[in-house]
Each structure stands twice: as structure tokens, then as C-alpha cells.
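Architecture at a glance
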Amino acid sequence: MSMDTNILKYRAFDEIVRSGSFSVAAETLGVTQPSISRMISDLEKDMGFSLFERDRNGVVLTGEGQALLPSIRNLCDAMLHVKESVMEIKNLESGRLTIGVISSVAAHWIPNIVRKFNEEHPNIVYDLLIGDYSELREWVLDDTVDFAFTSMSVSEDLDTNFIETDEMMAVVPKDDPYADSEFYPMAELEKHPFMLMEKGGKAEMREFLDSEGLKPDIQFQTWDDNAILSMVEHGMGVSILHGLVLTRNPYDVKVLHLEHPGYRHLCVAKKKGKRLSLAAVRFMDFIKYRNGCEDE
């Protein structure tokens, strides 16, 4: 008997076993009850023995049907896997990716990654959601995004893959007394108005300051790095920003290493145990192009 022509019959057999009813199985498969009865009759004719018996509780497998059940279920599962693989391949050509990012990744990494990815997969559509670390974590956990670029410090309950370390840098006006130094003294951070990049709550930058025992005079707080850079450029104070934020910095400020350096560890994070689409898995292969060329 032909394997291809009997796949639907095998599925009918499996659904009848699961539901204990010809009519329920027919509804599940979207066929009529006479059609599903005919499928089972054809199977029994091909095999030369009965598969089901009827009793007061519905239908039950014969001994022969029970012996065939594991093999038929394996076949149905394999065909479902084939269909899922076909859909993934199609989605790789014309699917959609929803990615969570911090703003610096959106500005400096995503364009390079997407440009290279699009050379091989030009029809993917992207939804880019920009948030802070806590928002990104929640979006990953509730499946709002397929995956996110974030900091490993807030990703303990996620599956993460480390990407790179991002150094915290002092940002000061160009006429600061230490503007031409290689390192900015930690004590100087308390002597000027401080521009804090933070969205709300005690986050990464404030924790770093606390770890250094510093209590700067925070006079301006925002999640917008451009606003902070502009304030520093106009001599309104000093700040600490991550190196990635300062990529292609257009502002007339001085950027210095800190006397006591601090870092964040950037990663790509997904929900624990989540099976990513083929498009998402392939996208990961292109993260190496984030800085415009393949990392050595």
C-alpha cells in the first residue's frame, strides 16, 4: 500500500484512539464521519484485520490495532515534524522576527546585523521593541519578543549567550581639568553636577556608583543618552555612559576611562526552554557582524 496516500488514514486512526469517537475524530480532522469511517475501513482492508471494536463506551482497539499504535503514532509525529520544518523554511524566506533591544544596540548593532542577514534572507520583516532591562526581561518571559539583547546582570532566569563586555566611560566637558587625562578620578564625580542615565528605580549605573562608595550630586536623570551628552557638552555636569552608547559620538565632549573601571556584559536572551524559529536561530549566526565586519 502507498505510504503517501495513507497518511490521512493513519491520522484518522490516531485521532480515533485519542478521542474514543469516530465523530470527534472527524471534527478534529475537518472531515465527515462517513469519510473517516471509510478511511478506517480501507486501512482494515489493506491490512487484513480489524483495528477497532465497538462497545457501550464507544470504540476500543483490537489487539492488532494496539500492536500497530506506536508505529502509527511515530509516523504521524514524523509527518507533523516535516510540516513544521517546511513552515520554518518558508518563514525563513518571508517570516517575521520580533526583537527586544536596549537603545544603544538598536542604534549601533542592529543595522549591521540586519544588513548582512538581509543579503541572504531579504524578505524577513522585523519588529524592534526598545526598552530597559526590566522591560526586556518581561517581554522575553511573556513571549512579546522572540529574544532580546540585554545585560546578563538581569537575566538570571533566562537562557543567555554572552556577546561582549561593554566598559563604562566618564563623559566630561571639553574644558574639564582632567579632559586630557587618560583616566578620570573617581572622586571628581562627586565634585560636579552628575547626569544619570537611568529610567527608574535603582539600576546598573547607580549600583556601580554605590559599589565605589560615591554619592554624586545627581541633578539630571533620563534614559536618553543624547540628552545627557548634550547637557555635558553645554557644561552642565559630568556623567558615566557605556562605551556602546558612545559609538560614533557626535557631541563635543571628552570621553575618558574611569580610574576604577566598570563593565556590563551584553548578551542575547531567550525564554528558558523556548524553541526558537529557524529564522531566529539563523539570525544569531549574524550577530558577529554587529560592528560592521565579522569579529575575529
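Residues numbered from 1 in each chain as written. Predicted model: local features only at pLDDT ≥ 70, side-chain atom pairs only at ≥ 80, totals over all residues. Heavy atoms only, no water.

Our next topic: the layout of surface pockets. Its boundaries defined by the atoms lining it, the largest pocket holds a volume of some 360 Å³. Lining the largest pocket we find 21 residues, and of these D132, Y133, A203, E204 and W223 sit closest to its centre. When residues of the lining of the largest pocket are traced back to their parent elements, those giving at least two are α5 (103-108), α7 (133-141) and α8 (204-211). Per-element tally for the lining of the largest pocket: the top contributor is α8, with three residues. Counted by class, the lining of the largest pocket contains eight nonpolar, six polar and seven charged residues. Looking at the second largest pocket, its volume works out to about 160 Å³. (1 Å grid on protein atoms, 1.4 Å probe; cavity = no way out; pocket = protein on both sides within 12 Å on 5 of 7 lines; lining within 4 Å. Points joined across faces, edges and corners; volume = space filled by probe spheres on them. Helix = DSSP H or I, 4+ residues; strand = E, 2+ residues; numbered from the N terminus. Nonpolar A, V, L, I, M, F, W, Y, C, P; charged D, E, K, R; others polar.)

With that out of the way, let us pick up the pattern of salt bridges. Per the stated rule, a full pass over the model turns up 17 salt bridges. For the salt bridge of R73 with D14, the shortest nitrogen-to-oxygen distance reads 2.6 Å. Pair noted here: R73 is in helix α4 (residues 63-94) and D14 is in helix α1 (residues 7-19), with a separation of 59 residues, a long-range link. For R73, a relative accessible area of 24% translates into the label partly exposed. For D14, a relative accessible area of 6% puts it in the buried group. Within this structure, D14, R18 and R73 form a network of salt bridges that share partners. (Salt bridge = Lys/Arg side-chain N within 4 Å of Asp/Glu carboxyl O. Buried < 20%, exposed > 50% of the residue type's maximum accessible area, 1.4 Å probe, protein only.)

All right, on to the environment of D285 then. Within the secondary structure layout, D285 lies in the segment after α10 (278-284). For the pair formed by D285 and Y10, sequence separation is 275 residues and the distance between their alpha carbons is 39 Å.

Looking along a regular strand, one sees the side chains alternate between the two faces of the sheet. Most of strand β3 (residues 96-101) is tucked away: five of the six residues are buried. Inspection of the sheet shows β3 paired to strand β5 (residues 147-151) by two bridges, in the parallel sense. Counted as the bridge partner of G100 is A148 from β5. (Pairing = 2+ DSSP bridges.)

The next subject is unusual backbone geometry. Despite not being glycine, D143 has its phi angle at roughly 65 degrees, a positive value. With relative accessibility at 41%, the residue D143 sits in the partly exposed group. Here R248, not a glycine, exhibits a phi torsion of approximately 55 degrees, which is positive.

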